[in-house]
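Reading the structure
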Amino acid sequence: MPVKILFVCLGNICRSPLAEAIFQHKIKELGLEVDIRSQSCGTANYHIGDMPDPRTIRNAFKNGIHINHVGRQLTPTDLDDFDFVLAMDQSNLDNIKQLPSAKANLHKISLMRNYDPSGSGLDVPDPYYGNEKDFQEVFDILNRSIDSFIDSLSRR
């Protein structure tokens, strides 16, 4: 059985699909795509069926990452189905913990930046109302956090 990772933000068009794409790129480079799988979703239903924000796609492309994603909403069964559920911020972490299945799965749920060597416990800022600089900042945060997360997986 592969290890399954779920990246979660609010709308699933900026942070979480970028995290998923960066993670998949790195896992593929390591030859682990059979052993480790990932998806992303949002806690809100704003963008179900939508492509990621065009600025997210542009930023990913600029950084050598390809995004192939369609937005979806977090479901109660996701917490049972995934081995790790990584929230982009405290608000979405709180929303995840409201699901009926959360209590039994608290050990799987954490903040993405708990793996960030430069900002453990902080939020990944939402770049939606920002500019290109904000999207690059999010990329940089996710890139280093995902490196650290992959390192933690390899030590398991």
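Below is a summary of the structure that appears in this document. Everything numeric here is computed off the predicted structure, so don't read it as measured data. (Residues numbered from 1 in each chain as written. Predicted model: local features only at pLDDT ≥ 70, side-chain atom pairs only at ≥ 80, totals over all residues. Heavy atoms only, no water.)

**Overview of the environment of Asp53**
What counts, and what does not: A run of H or I in DSSP becomes a helix once it reaches four residues, and a run of E becomes a strand once it reaches two; helices and strands are each numbered from the N terminus. Whether a residue is buried, partly exposed or exposed follows from its accessible area with a 1.4 Å probe, protein chains only, as a fraction of its type maximum: under 20%, in between, or over 50%, in that order. By definition in these notes, contact holds between two residues if any of their heavy atoms fall within 4.5 Å.
Examined against the element boundaries, Asp53 turns out to sit in the loop between strand S2 (36-42) and helix H2 (54-62). Judged by relative accessible area, which is 7%, Asp53 ranks as buried. Put simply, Asp53 and Asp147 are 94 residues apart on the chain and 24 Å apart in space, counted from C-alpha to C-alpha. In contact with Asp53, not counting residues within four places along its chain, are Ile13, Cys14, Tyr128 and Phe135.

**Observations regarding the sheet that holds S2**
What counts is decided by this rule: For two strands to be treated as a pair, DSSP must find no fewer than two bridges joining them. Angular values range over 0 to 180 degrees, each being the angle between N-to-C directions of two axes fitted as lines to C-alpha atoms, with helices fitted over their stretch in contact.
Ordered by their spatial adjacency, four strands build an open sheet running S2-S1-S3-S4, and the pairing between neighbours is parallel. The sheet is open, and its two edges are formed by S2 and strand S4 (109-111), each paired on a single side. Along the sheet, successive strands turn relative to each other by an average axial angle of 25 degrees, direction set aside. Across three bridges, strand S3 (residues 84-87) lies against S4 in parallel orientation. Bridge pairing links Ala87 to Leu111 in S4. With respect to the sheet, helix H5 (residues 132-154) is in contact with strand S1 (3-9), S2 and S3, its orientation differing from that of S3 by roughly 160 degrees.

**Here's the deal with unusual backbone geometry**
The residue Asn12 is not glycine, and still its phi comes out positive at about 65 degrees. One can find Asn12 in the loop between S1 and helix H1 (15-29). Look at Asn12 and you get buried, because its relative accessible area is 0%.

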